[in-house]
Amino acid sequence: MSKVAPETSERILACEDCLLPLPLRTARRGEVDAAWECRSCGARVHGVIAEDRPKKLRRNVRRCSQR
Ligand SMILES: [Zn+2]
């Protein structure tokens, strides 16, 4: 199944479950998103690293080996 990603990406500012700040954004068209896990509650989030977010936030997510 494939869906067409939008031209623009949206920031994923925080985990929906525990509101932990996240350094992620949604994938733009042509980008491949990855599965991340919230370090606090373990919720799965799909996205890519947002380069404009503080680097220290990257410790709040863990890359999942499976999508
Ligand atoms: Zn969380």
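See the structure printed just above.
Computed from a predicted structure; not experimentally measured. (Residues numbered from 1 in each chain as written. Predicted model: local features only at pLDDT ≥ 70, side-chain atom pairs only at ≥ 80, totals over all residues.)

Colleague: It is not clear to me how the overall build of the protein should be interpreted in this structure. Could you clarify?
Modeller: Across its full length, the protein carries zero helices and five strands. When the helices and strands of the protein are placed in sequence order, the string is β-β-β-β-β. Taking all 67 residues of the protein together, 16% fall into the buried category. Considering only contacts in the protein between residues 6 or more positions apart, those separated by 24 or more positions represent 42%. (Helix = DSSP H or I, 4+ residues; strand = E, 2+ residues; numbered from the N terminus. Buried ≥ 20, exposed ≤ 12 C-beta atoms within 10 Å, placed from the backbone. Contact = placed C-beta atoms within 7 Å.)

Colleague: When you look at unusual backbone geometry in this model, what are you seeing that I'm missing?
Modeller: For residues that are not glycine, phi is negative in most cases, and the peptide bond is trans in most cases. Although it is not a glycine, Leu19 adopts a positive phi angle of roughly 65°. Within the secondary structure, Leu19 is located in the loop between strand 1 (11-14) and strand 2 (21-25). According to the C-beta neighbour criterion, Leu19 is exposed, with 12 such atoms within 10 Å.

Colleague: Before we go on, may I ask you to explain the nonpolar core in this structure?
Modeller: If you look at soluble globular proteins, the nonpolar side chains tend to sit buried side by side. If you look at the biggest cluster of nonpolar residues, it comprises eight residues: Ile12, Cys15, Leu22, Leu24, Trp36, Cys38, Val45 and Val61. Not counting residues up to four positions away in its chain, the partners in contact with Ile12 are Leu22, Leu24, Arg25, Thr26, Val45 and Gly47. (Core = buried A, V, L, I, M, F, W, Y, C linked by C-beta atoms within 7 Å.)

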